[in-house]
Structure formats: structure tokens, C-alpha cells
Protein chains: 4
Amino acid sequence: MVQMGLVGLGKMGFNMRERLRAAGHEVVGYDRNAEVSDTTSLEDLVSKLAAPRIVWVMVPAGEPTRETVVAFGNLLEEGDILIDGGNSKFTDDKLNAELLAAKGVGYLDVGVSGGIWGKENGYGLMVGGAAADVERAMPIFDALRPEGPREEGFSHAGSVGAGHYAKMVHNGIEYGLMQAFAEGFELLEASHVVEDVPSVIKGWQRGTVVRSWLLDLLVRALDEDPELDDLEGYVEDSGEGRWTLEEAINNAVPAPVISAALFARFASRQEHSSAMRAVAALRQQFGGHAVKKAGG
Amino acid sequence: MVQMGLVGLGKMGFNMRERLRAAGHEVVGYDRNAEVSDTTSLEDLVSKLAAPRIVWVMVPAGEPTRETVVAFGNLLEEGDILIDGGNSKFTDDKLNAELLAAKGVGYLDVGVSGGIWGKENGYGLMVGGAAADVERAMPIFDALRPEGPREEGFSHAGSVGAGHYAKMVHNGIEYGLMQAFAEGFELLEASHVVEDVPSVIKGWQRGTVVRSWLLDLLVRALDEDPELDDLEGYVEDSGEGRWTLEEAINNAVPAPVISAALFARFASRQEHSSAMRAVAALRQQFGGHAVKKAGG
Amino acid sequence: MVQMGLVGLGKMGFNMRERLRAAGHEVVGYDRNAEVSDTTSLEDLVSKLAAPRIVWVMVPAGEPTRETVVAFGNLLEEGDILIDGGNSKFTDDKLNAELLAAKGVGYLDVGVSGGIWGKENGYGLMVGGAAADVERAMPIFDALRPEGPREEGFSHAGSVGAGHYAKMVHNGIEYGLMQAFAEGFELLEASHVVEDVPSVIKGWQRGTVVRSWLLDLLVRALDEDPELDDLEGYVEDSGEGRWTLEEAINNAVPAPVISAALFARFASRQEHSSAMRAVAALRQQFGGHAVKKAGG
Amino acid sequence: MVQMGLVGLGKMGFNMRERLRAAGHEVVGYDRNAEVSDTTSLEDLVSKLAAPRIVWVMVPAGEPTRETVVAFGNLLEEGDILIDGGNSKFTDDKLNAELLAAKGVGYLDVGVSGGIWGKENGYGLMVGGAAADVERAMPIFDALRPEGPREEGFSHAGSVGAGHYAKMVHNGIEYGLMQAFAEGFELLEASHVVEDVPSVIKGWQRGTVVRSWLLDLLVRALDEDPELDDLEGYVEDSGEGRWTLEEAINNAVPAPVISAALFARFASRQEHSSAMRAVAALRQQFGGHAVKKAGG
């Protein structure tokens with residue numbers, strides 16, 4: 001059993017603390033929300049951990065994570081390890097690692113998949129960093145990852161940054177998978193050939209080529225709302241899809257499916273598309289085609 | 001100068017009659033709308049033409065054109081020629097030609113491009129059919145096509161169906177061109193780096209790689225409405241884009257740009273996308289991600 | 001236990017006979033290959049079955065299936081049922097059903113998923129046709145489908161044609177899923193950030209959002225050939241992807257992911273792309289850009 | 001008439017010097033290639049110009065341009081103007097402008113379109129920077145831009161960076177336009193319905209919706225090589241397409257056509273696609289589908 005700090009007790013961090021404690025580990029959690037926090041400050045958290053320490057940071061990517069890392073750079077000591085388990089961009093990891101290395105503090109970046117189901121099912125983990133640091137944190141990873149062979153729910157992806165890179169690509173793939181199911185769903189709905197669309201999708205859960213966890217979740221959503229009428233077709237994107245596409249561009253890798261999935265999300269959020277107004281304008285200009293006037 | 005019949009005096013046919021008459025040809029026009037029609041019936045039209053006749057049909061593609069061809073199959077005589085200048089699917093042409101061939105009537109299919117500007121600028125023409133029939137109708141084609149070398153505004157694309165096929169592909173390309181300009185326009189609008197978007201686009205009309213008639217039309221539209229605010233981003237599609245994509249599929253030709261342009265039109269007409277509701281549902285299921293509730 | 005005929009003992013039919021017999025059913029199989037056939041002709045097969053009969057046809061889609069249905073139209077009797085379990089286009093089903101209905105023979109169309117793994121795991125089944133016919137064939141479906149709740153590996157999708165329609169959409173989705181994984185794999189390979197790509201992908205099998213049967217198969221392929229060097233990037237397509245896209249067009253459903261996956265397959269089979277030669281030619285024309293000369 | 005320096009006398013710069021001199025301007029050109037250079041060094045070039053000076057830099061984007069700007073930062077004086085006419089990324093412009101502003105030197109960024117044809121036809125120009133600097137350089141712009149109204153071949157797009165941004169979007173659109181024509185060309189070639197593909201494309205030059213300079217260039221290429229057999233379908237990309245897509249991502253602008261055009265270029269350069277090997281591997285795993293073995 002290990003002792004560890006855990007900073008950030010939101011939807012993900014809170015559940016992870018539960019899973020870690022259930023596995024017998026001692027977790028000192030910190031959150032700005034005092035109701036869920038075990039301690040009053042980062043300083044206090046550090047003081048409650050015996051050296052050499054392991055601190056897991058689970059706060060929003062970007063500035064919040066960067067600032068937390070900087071803060072720990074002034075609090076941790078040689079031999080400690082800081083783990084960033086958030087959805088950080090892999091390019092942040094090198095900066096974090098260098099900052100901490102100057103103090104002798106180790107750094108691991110961990111891509112964590114599984115969402116709200118991870119507490120029960122375990123989290124898929126992709127780790128970047130030095131092998132020795134990975135080894136030291138392995139009891140934590142073993143508690144967080146799903147039951148079954150370690151190599152099926154955990155990977156040491158490479159040096160610093162590789163964990164978040166692997167997670168980024170994982171999420172890019174996820175965008176494509178979701179959009180593929182979504183297009184099939186829409187075609188089934190629109191064509192009216194299949195009479196009971198939810199029952200067909202439910203029937204894909206066993207034996208078919210498309211069986212998958214996302215399909216199970218789609219079945220679950222359709223059980224609750226068979227035509228998904230309660231939702232709007234408005235979809236956010238959270239960074240990793242964009243970064244995957246940027247990396248595809250940087251590496252000259254064709255990514256038509258992942259980009260299509262990302263663009264579908266962009267379009268879903270537009271009330272008025274400048275592009276499609278331009279197409280309408282062109283058709284009106286050359287063909288005298290009827291167009292829809294705004295407000296008409 | 002030739003004598004000819006012209007059936008269908010809508011936006012396109014009406015203008016074509018003007019251009020043909022301006023070139024000195026004798027045109028007997030028929031339309032269901034008596035106000036613009038020169039004659040009272042197809043029978044009357046045929047009786048007013050000296051054999052061997054040429055009749056140009058310019059009615060909506062599909063049933064209206066097919067029915068008109070059938071009607072003329074019972075009215076025309078051996079040696080006459082019927083020309084379908086509408087936006088018919090190329091697969092209709094073989095049926096039309098066979099039906100008329102049984103009566104000894106020739107058949108030409110003509111793809112006509114240029115929209116409402118054709119009256120003044122001339123129409124781009126793509127013709128399918130027998131060389132002898134093309135030769136006989138050449139005075140008509142010469143009157144309709146733009147000034148300049150014949151081969152730059154007219155082509156004999158091949159046997160029956162080739163004219164409409166060429167026009168179909170032309171329109172598929174047109175979809176792609178329009179969407180390319182539209183995406184660029186939207187990016188200029190969204191990024192706010194360029195201060196006066198219409199002036200930049202106007203400045204592309206000479207010397208640049210993208211100079212084109214569609215660009216000129218976009219400039220014209222922006223002159224009238226600099227942010228295209230008067231229009232909705234709602235765009236119809238009229239057949240040829242779909243057929244081009246079907247033919248790409250049939251011939252195993254990758255068509256990512258033409259399909260993207262077509263799908264953007266489909267999406268522009270959707271108020272609620274089943275696909276994007278499915279993606280929203282999946283995100284809600286696995287991540288507890290906030291979603292927009294319908295009506296919320 | 002039921003008695004049935006099974007026509008077509010290829011890769012799929014042969015395995016299905018095994019699974020059906022293992023479940024205790026009496027299967028009289030016919031194949032042109034006498035080595036695997038239980039009977040010498042369709043006539044003989046029919047004579048070996050007691051009325052009312054059930055005959056399952058499992059031959060290649062298109063002409064072979066259509067011809068087999070016609071043959072059975074002359075052999076089966078009122079009250080018999082013919083099942084087409086091949087990958088037929090849904091539009092064939094109506095023709096088959098009408099032909100057989102004239103003889104009083106029932107017709108079911110069944111989409112069968114699962115490939116070579118179905119013998120062991122069971123096959124995902126999507127069925128179209130009359131409820132009474134589905135009910136009569138249910139013991140067969142129960143033997144073929146996977147263990148577990150019937151509704152998770154079987155659906156009665158609707159009337160005739162709905163089974164193959166559901167399978168068509170299933171396969172369209174499958175194209176998209178495969179391409180999503182493929183793009184992610186290529187990016188991991190190309191970027192060289194992740195050190196051991198197969199171990200990262202293996203580590204996605206538990207706990208992650210992308211866990212799925214296709215991922216398990218990718219892991220299996222990488223276990224055998226870690227860089228997939230033994231294969232060429234040459235991918236056939238087998239009909240359903242094209243039909244899904246045709247149906248998307250017919251129903252004005254945007255399908256950017258499914259079309260991208262199909263076009264990637266088309267492109268994978270091209271040694272020389274006319275399109276890309278045209279782009280190279282244009283760049284050469286306007287910019288004097290260096291291009292690759294053929295044979296150079 | 002103005003006096004000016006011009007650094008970089010490659011394909012573009014050399015032609016521009018010709019055009020500028022033909023318009024009566026005094027151009028002191030510098031190039032590392034002494035055969036074309038008017039002067040021996042940047043220092044010498046500066047010494048030959050009377051203050052306040054205008055120097056146009058036309059060297060490759062990225063490091064070469066950045067280094068040249070730094071060098072001129074040490075050579076130019078308050079009141080001089082430096083113009084970057086290369087294909088620099090718009091983000092470089094702010095750095096350049098700040099560096100020079102510290103010395104009191106003005107900065108303009110100019111996107112230049114037109115390729116090798118610009119010498120004769122004039123170049124389309126998009127300019128970013130302060131209005132006063134634009135005004136001072138206007139005689140140069142007027143000499144370089146095409147005949148006709150200034151606003152049809154020139155725009156002052158906005159402050160520093162806006163010129164290159166406009167050019168970047170122009171090139172992104174250009175990618176889409178080229179790919180649209182390319183897909184249409186391939187379909188015409190593959191379908192064999194049209195008998196003489198080059199003559200159909202030539203016939204699109206007048207009257208049609210797709211008439212454009214790129215079409216004229218395609219006609220020119222087909223005149224030289226009717227099946228484009230002398231070229232390989234291998235297409236480079238030169239930065240602006242990638243940057244356009246990055247900016248689309250940054251601004252949440254759907255860019256399915258521009259991305260498809262870029263990805264088609266990426267794919268055109270791949271001998272072995274890891275992605276398509278992964279798809280082939282998956283098909284082999286689930287279906288026992290025949291695949292092509294490498295080297296087979």
C-alpha cells in the first residue's frame with residue numbers, strides 16, 4: 001500500500017480517490033472545494049506525505065495544470081514524483097518535466113480513459129516518463145486500471161509526453177468511432193426501412209463486428225430516450241480531437257475520418273454558417289435559385 | 001438561319017429563345033403558361049415546323065422531360081431531331097434515344113451551363129449523340145454558346161448520354177469549387193485577422209490563382225450584402241451532385257471534396273441532426289459531459 | 001430441434017452448418033463442391049426435407065443468390081420458407097419475396113455478422129420479414145446467434161428487406177470504425193512519440209472508451225506482425241459500404257466518415273491516381289513547381 | 001518612379017524585378033547567386049539606396065526570411081520600410097514587425113499570387129501593415145499588380161500579418177479548387193462515358209459556371225499531355241494548406257473540402273499506408289478476407 005497526494009477532486013479525481021482507497025491506498029486529497037478536500041492547501045498536503053512523495057494532479061488541462069505544477073515545483077523535494085493525470089497537451093509535459101527536474105522531482109504524464117465509469121470498471125492508463133518512476137507508481141496504476149492482465153489496461157507508452165500523446169490519439173480515434181455510429185444511426189432513422197431502430201442497435205451488442213463499449217453506451221442512451229429527443233445535436237470538443245488533427249498535419253498523415261468527426265462537431269454548434277450563406281449567395285447569383293432569406 | 005421548336009419557357013428556356021432569336025433563328029416556343037407561349041399545344045408546335053424538324057426540350061428533369069419525350073415520340077416524324085437540354089440524368093438519355101429511334105427520330109442530350117447569365121454571355125454546351133445530328137443542330141449550338149472559339153464553349157462529348165454526363169461532372173466540380181470558396185470565406189470571417197473581408201475577396205479577381213467566375217459572383221454578392229446577412233445558410237441540391245457521387249462510387253473514384261460539398265448542403269438543411277444527438281448522447285453516457293437539452 | 005436445408009457451404013455456410021448441428025438441428029447442406037455437400041442437387045435437397053420446409057441460402061450476393069431463389073421458386077411449396085442469409089442488397093429482397101409469395105413460399109432476409117469467428121462466438125443476426133415466419137425460424141436463429149440475451153445478438157428489424165438494410169448500415173459503420181483505428185495507428189507510427197505502438201494499442205483493451213472487438217482484432221494482428229509489414233495497404237470493398245453511401249445520398253444524410261472510409265479504400269487500390277496527376281499538372285502550370293515525371 | 005531594394009532573385013523575385021523595371025522603377029537586386037545579383041551584399045544594397053529606403057524581401061519562408069529580416073534590422077534606418085513578399089506564416093509577421101519597429105523601420109507583409117505568370121499578367125497582392133507604409137509602397141504595388149482597377153488585384157487586408165493571412169486562406173481555397181477539378185477529371189477518365197475528355201474540359205472555358213484560371217491551366221496541361229501520362233500523381237504541399245487547416249481548427253471552422261484536398265496530397269506521397277495496412281489486417285482477422293501480402 002502506498003501513500004499519495006491527489007489534487008483535484010472533481011468528477012474524475014473524486015472517483016479516483018474512491019477507487020484508490022478501496023484498493024487500500026492512503027490518499028490525501030486536495031480541492032479548492034473544502035467540502036471534498038482532505039486538506040487546506042498544497043503546502044498542508046505536502047506536509048502530510050512522507051518523503052519520497054507521489055502527488056497526482058487531476059485538474060483541468062492548460063493553465064490550471066501548469067500553475068499547479070509550478071506550485072509543486074516550490075513544494076516538492078528531490079526524489080518526489082509528480083504525476084499529471086489530466087488531459088494536458090503532450091507539449092506541456094516537457095515543460096513540466098524540465099521545471100521539476102531542476103528540483104530533482106520526477107514527472108510522469110498519464111492519459112486516463114474511462115470517464116465516470118472508471119470508478120467501477122477501472123481506468124485505461126497510458127503513461128509517459130522514466131521507467132524507474134513508472135515502477136514506483138505502479139501500485140497506484142494497478143489500483144486504478146481495470147481488472148485483468150495489466151498490459152490490457154495499462155501501457156508505458158514512452159518517455160515524458162508519450163502518455164498524453166497516446167491518450168490524444170485514443171481520443172482522436174474515439175471521435176471517429178462516435179461519428180461512425182452517429183451516421184449509421186441517422187441513416188437508420190431517416191430511411192424508415194428498419195422499423196424499430198433501437199432494437200436493431202441493441203441487437204448489435206453480441207456477435208457483430210461493431211460490438212464495442214461505445215455501442216453499449218448508445219444502447220443505454222436509447223433505452224432512456226429511444227429517439228434521443230431530449231438532447232440537442234450540439235456537441236462540444238475538448239482539445240484532444242484538435243490536437244490529433246494538428247499532429248496529423250504535422251506528420252503528413254491523412255486523417256479524413258478524424259477531421260470529419262471534428263468538423264461535424266464544429267458545425268453542430270453553428271446557428272448560422274458563413275460558409276453555407278456563401279454557397280447560397282453563389283447559387284442565387286448564377287442561377288437565380290431561390291434561397292432562404294434570413295428571418296424569412 | 002434555322003427553324004426550331006422550343007418547349008419549356010421558364011427561367012432558362014425563355015432566355016434561350018431570346019438569344020436564339022437575336023441570332024436570327026426562327027423559334028416556335030411552347031409553354032404551359034400561355035402568356036409566354038407562341039403556340040397552344042405540342043401538336044400545334046409540330047405543325048408549325050417544316051420537316052425535318054428540330055425540337056429543343058427545356059423542361060424540368062425526370063418525369064416532366066420523360067413525358068415530353070414520349071409525347072413527341074407520337075408527334076415527330078422520321079428525320080426529325082429532339083434535343084433534351086434539361087438537367088436530365090444521363091441514364092434517361094438512353095431510354096429517350098431508344099424510344100425515338102424506333103420512330104426514326106434522332107436524339108441529342110445537351111448539358112447547358114451558365115444560369116441566368118447565359119442570355120447575355122452565352123451558354124456552355126456539352127452534347128451527346130450522333131455526329132450527323134450534332135452537325136445539323138450546330139447553328140443552334142453556335143447561337144447559344146458564348147462568343148469566341150467554338151471549342152472553348154462547346155463540346156461534342158460522345159454518344160447519347162455523354163452530354164448530360166459531362167454536365168453532371170461539371171456540376172459536381174462546381175459543388176466543390178463553391179464549398180472551397182465558402183470555407184475560405186468563413187475562415188476569414190471567423191478569424192478577424194483580415195479587417196475588410198469583402199475587399200480582400202474583391203482583390204482576388206485579377207492575378208491570383210483562384211480567379212474565376214464563381215469568385216466574381218461572390219464579389220458581386222458581397223457588394224450587395226457585405227456579410228451575407230440577408231441569406232440563410234440553407235442550401236438545396238439539385239440532382240447532379242448526388243449523381244456525380246453515385247458515379248464516383250460506381251467507378252471506385254475517390255471523391256472526398258465533392259462528397260464533402262454535398263454533405264455540407266445536406267447538413268445545412270437540418271434543424272436537428274440525429275447524428276449529432278447520438279454523439280451528444282454518447283458523450284453524456286461515458287463522461288457525464290454537459291449536453292444541451294432540447295428546448296433548453 | 002428443426003430440420004433445414006442450407007445452400008452454400010463456403011467459409012460462412014460451412015461454419016454455420018457446424019454451429020447448427022452442434023445445437024442439435026438437422027441440416028441438409030448443398031454446395032457445388034461435392035466434397036462438402038450432403039446432397040447432389042437442390043431437387044435432392046428439397047426431397048430430403050419434410051414439408052413445411054425451411055431452406056437457408058448462403059451464396060454470394062447478386063446473381064448467384066437471385067438465381068438460387070428463382071430455382072427454389074420452382075422447387076418449394078406453399079408453406080415453405082426461404083431465408084437469404086447472404087450479403088444481398090436490400091432492394092433484391094423485395095424481388096425475391098414477391099417471386100416466392102406467388103408460390104405461397106415465405107421469405108426472410110437475414111444480415112449475418114461475425115465472420116469466421118461466428119462458428120465459435122455466434123453470429124449477430126438482423127432479420128427482415130413477416131413475424132410468423134420469423135417465429136418459425138427462431139430455433140435456427142437461436143442456434144446461430146451468440147450466447148446471452150436474444151435481443152443483444154438478434155433483431156427483427158422490420159418487414160422484408162429490413163434485415164439486409166440493417167446489415168448494410170452495420171457494415172457502413174464498420175468501415176468508419178476501421179478507418180478511425182487505422183488513422184490513429186498511422187499517426188502513432190508516423191510521429192515516433194510513442195515508443196512501442198503495439199503495447200499502447202494492447203493497453204486500450206480494458207477501461208478505455210475505444211475498447212471494442214475491432215480493437216481486439218487489431219491487437220491480435222499486431223501480435224502476429226507488430227508493424228503490419230507482411231501486408232500491403234490494399235483494401236477491397238464488398239458492396240455494403242457503397243450501398244450505405246448511396247442510401248445516405250438518397251436520404252440526404254451527411255455521411256462524411258463513412259464516405260471517407262470508402263474513398264480511402266478506393267485510393268488504396270490505385271497505382272496511379274488521375275486526380276493527383278491533375279493536381280500535379282496544375283501546380284506545374286501555375287507555379288513551375290517541380291513534379292515527379294512518370295518513370296522518373 | 002521609386003527606388004527600391006529586392007532581395008531574393010529566384011523564380012519569383014527575378015520575374016518581379018523584370019516587371020518592376022519595365023514599369024520604370026529603379027531596382028537594386030541582391031541574390032546569393034552572383035550571376036543574377038546587382039550587388040555583392042545586403043550592406044552594399046543598403047548603401048546604394050537613398051533614405052528613406054524600401055526593401056522587398058523575396059526569399060523562402062521560415063528561417064531564410066527571418067534571418068534576412070534580422071540582418072536588415074541592423075542595416076536599415078528609421079523611416080525605412082521592409083516588405084516581406086514571401087510565403088511566410090502570418091505569425092512570423094508580428095515578430096518581424098516588432099523587431100524592426102524597435103529601430104523605427106516600418107514593415108509590410110505581402111501575399112503574392114500568380115506564380116510564373118505574374119511577370120506577364122501581374123501579381124495578385126494582399127498587404128498587411130500600417131496605412132502610411134502601404135501608401136508609400138503603392139507605386140511598387142501598382143507596378144506588380146495586374147492591369148485593371150486596383151481593387152481587383154490588390155487589397156490592404158489589415159494590420160501586420162493580415163496580408164499573409166489573406167494569402168494563406170487564398171491558398172487553402174486553391175487547394176480545394178484544384179482537388180475539385182481533379183476529382184471531376186478522374187471520374188471522366190474512369191467512367192469512359194465521355195469519349196474525348198480533354199475536349200470536354202476545353203469546352204468548359206466559356207459560358208460555364210466552372211470557368212476559371214485553374215481550368216485554363218488544366219486545358220493547357222491537357223493540350224501538352226492529353227492523359228497526363230508524363231506526370232506521377234505525387235503532390236507536394238507547401239505550408240499554406242496546413243496553416244489554413246490549423247487556423248480552421250483554431251477558429252472552430254469546419255473545413256472538410258480544404259482538409260480533404262490536403263489529405264489527398266499527403267496520401268499521394270505514400271508508398272505504403274500504415275492506415276490501409278491496418279484496415280487490411282482487420283479485414284483479414286475478422287473475415288478471413290484475402291489480402292495482398294507485401295512483396296506478393
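Residues numbered from 1 in each chain as written. Chains lettered and ligands numbered in written order. Predicted model: local features only at pLDDT ≥ 70, side-chain atom pairs only at ≥ 80, totals over all residues. Heavy atoms only, no water.

As annotated in an unreviewed UniProt entry, chain A carries the name 6-phosphogluconate dehydrogenase and is attributed to Amycolatopsis magusensis. As its UniProt record puts it under Sequence similarities (unreviewed entry), chain A is described as follows: "Belongs to the 6-phosphogluconate dehydrogenase family." (UniProt positions renumbered as here; feature names shortened; annotations may be inferred.)

Residue and element names in this part refer to chain A. Throughout the structure, instances matching the rule amount to 56 salt bridges over all chains. Across the pair Asp-223 and Lys-202 runs a salt bridge whose closest N-O atoms are separated by 3.1 Å. Taken together, the residues Asp-223 in helix α9 (residues 213-224) and Lys-202 in helix α8 (residues 197-202) connect sequence positions 21 residues apart. Residue Asp-223 is classed as exposed on the basis of its relative accessible area, which comes to 52%. Accessibility expressed as a relative area gives 22% for Lys-202, which makes it partly exposed. (Salt bridge = Lys/Arg side-chain N within 4 Å of Asp/Glu carboxyl O. Helix = DSSP H or I, 4+ residues; strand = E, 2+ residues; numbered from the N terminus. Buried < 20%, exposed > 50% of the residue type's maximum accessible area, 1.4 Å probe, protein only.)

It is worth spelling out the sheet that holds strand β2 (residues 26-30) of chain C at this point. For sheets, the rule is that strands pair by backbone hydrogen bonds, running either parallel or antiparallel. Residue and element names in this part refer to chain C. A sheet is described by the order of its strands in space; here 7 strands give the open sequence β2-β1-β3-β4-β5-β6-β7, paired in mixed fashion. This sheet does not close on itself; its edge strands, each paired only once, are β2 and β7 (154-158). With direction set aside, neighbouring strand axes in the sheet form an average angle of 25 degrees. Bridging between strand β3 (residues 54-57) and strand β4 (residues 81-84) involves 4 bridges; their strand directions are parallel. Considered in β4, the bridge of Trp-56 is made with Ile-83. (Pairing = 2+ DSSP bridges. Axes fitted to C-alpha atoms, helices over the stretch in contact; angles between N-to-C directions.)

Turning to the relation of the copies chain C and chain A, a few remarks are in order. Once chain C is rotated about the relating axis by 180 degrees and shifted along it by 0.0 Å, it coincides with chain A to within an RMSD of 0.0 Å. Here the transformation between the copies is reduced to the relation of a two-fold axis. By C-alpha distance to the rotation axis, the residue of chain C lying nearest is C:Ser212, at 1.9 Å. Of all interface residues in chain C, 100% are interface residues in chain A too; the two copies therefore contact each other through one and the same surface. (Least-squares fit on C-alpha atoms with pLDDT ≥ 70 in both. Contact = heavy atoms within 4.5 Å.)

Facing the 71 residues of chain B at the interface are 71 residues of chain D. Ranking the residues of chain B by area buried against chain D places B:Leu187, B:Arg206 and B:Val209 at the top, with a combined share of 12%. Counting across the chain B and chain D interface gives 2 salt bridges. Where B:Arg206 meets D:Glu152, a salt bridge forms, and the shortest distance between an N and an O atom there is 2.7 Å. Summed over the shared surface of chain B and chain D, the result is 24 residue pairs in polar contact (both at pLDDT 80 or more). (Buried area = accessible area lost by both parts, 1.4 Å probe. Polar contact = N/O pair within 3.5 Å; in protein donor to acceptor, adjacent residues only side chain to side chain.)

All names here are of chain A. When cut into domains, chain A gives domain 1 (3-159) and domain 2 (168-266). Distance between the C-alpha centres of domain 1 and domain 2: 30 Å. Contacts between the two partners involve 8 residues from domain 1, matched on the other side by 9 residues from domain 2. Taken over both partners, the interface formed by domain 1 and domain 2 buries close to 730 Å², and the fraction arising from carbon and sulfur atoms is 65%. Looking at the side of domain 1 facing domain 2, the largest losses of area belong to Lys-89, Phe-90 and Trp-117, adding up to 60% of the total buried there. On the surface where domain 1 and domain 2 come into contact, there are 1 salt bridge. The partner of Lys-89 in a salt bridge is Glu-246, and the shortest N-O contact between them spans 3.1 Å. Looking at the side of domain 1 that touches domain 2 residue by residue, the classes come out as 3 nonpolar, 4 polar and 1 charged. (Domains from an automatic or database assignment. Nonpolar A, V, L, I, M, F, W, Y, C, P; charged D, E, K, R; others polar.)

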